[in-house]
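Letter by letter, the chains look like this.
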Amino acid sequence: MNKTRLFVIDDNKCLVDMIKEFFKDDIELICHDSYYKANDDKTIEERQNLNYDHPSSFETERMIEDIKKLKAGQNVEVPVYDYTRHTRAEETVLAQPKK
């Protein structure tokens, strides 16, 4: 039985690089930072002053649902966060389950 390998980590580049090197193309990496809330209802000034370290800054439920979909063999569209505008970008990144 094949099992999907999935890691959810923060953006620790060294750790990400080591995991990628070990698993090669057999892994899909998802970073929690991709799931920052868009906060499009706020001005840029308001978004700049948000506490991005607080758990409420993330759309964690969506990330959990995306992980469940990947584990079930489904593709997901992972959001892309634009740090220059402090909101989500319009584009997403396709994440595919790995075996």
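Quick note: structure is the one above.
Residues numbered from 1 in each chain as written. Predicted model: local features only at pLDDT ≥ 70, side-chain atom pairs only at ≥ 80, totals over all residues. Heavy atoms only, no water.

**Observations concerning the overall build of the protein**
Here is the rule: Secondary structure elements are taken from DSSP: a helix is a run of H or I of four residues or more, a strand is a run of E of two residues or more, and numbering for both begins at the N terminus. Note on definitions: a residue-residue contact is assigned when non-hydrogen atoms from the two residues lie within 4.5 Å. Each accessible area is a Shrake-Rupley result for a 1.4 Å probe, and residues are judged covered by the shown protein chains and nothing else.
Counting secondary structure elements, the protein contains three helices and four strands. N-terminal to C-terminal, the α/β element order of the protein is β-α-β-α-α-β-β. Relative to all contacts within the protein whose residues are 6 or more apart in sequence, the contacts with residues 24 or more apart total 47%. Entry remark: accessible area of the protein is about 6,800 Å², with carbon and sulfur atoms responsible for 50%.

**Here we look at the packing of aromatic side chains**
The condition is simple: Classification of ring pairs uses Phe, Tyr and Trp, with its six-membered ring standing for Trp, and accepts pairs whose centres are within 6.5 Å; under 30 degrees between planes counts as stacked, over 60 as edge-to-face, and the remaining range as tilted. Think of it in three bands: residues with accessible area under 20% of the maximum for their type are buried, residues over 50% are exposed, and the middle band is partly exposed, with areas taken using a 1.4 Å probe on protein chains only.
The full count for this structure, using the stated rule, is seven aromatic pairs. Residues tyrosine 36 and tyrosine 81 carry aromatic rings whose centres are separated by 5.0 Å and whose planes lie at 55° to one another, so their mutual orientation is tilted. Here tyrosine 36, found in the loop between β2 (28-31) and α2 (44-48), pairs with tyrosine 81, found in strand β3 (residues 76-82); they are 45 residues apart in sequence, far enough to count as distant. Tyrosine 81 carries the same exposure label as tyrosine 36, and that label is buried. Taken together, the ring pairs connect Tyr36, Tyr52, Phe58, Tyr81 and Tyr83 into an aromatic cluster.

**Digging into the environment of histidine 86**
Within the secondary structure layout, histidine 86 lies in the loop between β3 and β4 (87-95). With 37 residues separating them in the primary sequence, histidine 86 and asparagine 49 have C-alpha atoms 9.8 Å apart. Setting aside chain neighbours within four positions, we find histidine 86 in contact with Ala38, Ile44, Arg47, Gln48, Tyr52 and Tyr81.

**Describing the pairing of β3**
Heads up, the rule is: Any two strands with at least two DSSP-identified bridges between them are counted as paired.
Most of β3 sits out of view: five of its seven residues are buried. What sits between the antiparallel neighbours β3 and β4 is a turn of four residues, in which histidine 86 has the positive phi angle 55°.

**Looking at the side chain of aspartate 66**
Residue placement: aspartate 66 occurs in helix α3 (residues 60-71). A residue is classified by how much of its surface remains accessible, and aspartate 66, at 6% relative accessible area, is buried. Residues within four places of aspartate 66 in sequence aside, it is in contact with Tyr35, Val76 and Glu77.

**Re the nonpolar core**
We count it as follows: Among the buried residues, those of types Ala, Val, Leu, Ile, Met, Phe, Trp, Tyr and Cys that are joined through side-chain atoms within 4.5 Å form a nonpolar core.
Listed in full, the eight residues of the largest apolar core are Ile30, Tyr35, Met63, Ile67, Leu70, Val76, Val78 and Ala95. If you list the elements that add at least two residues to this core, you get α3 and β3. No other element matches the three residues that α3 contributes to this core. Once residues lying within four places of it in the same chain are set aside, the contact partners of valine 76 are Asp66, Lys69, Leu70, Val93, Leu94 and Ala95. Counting five residues, the second-largest nonpolar core is a separate cluster that includes Ile19, Phe23, Ile27 and Leu29.

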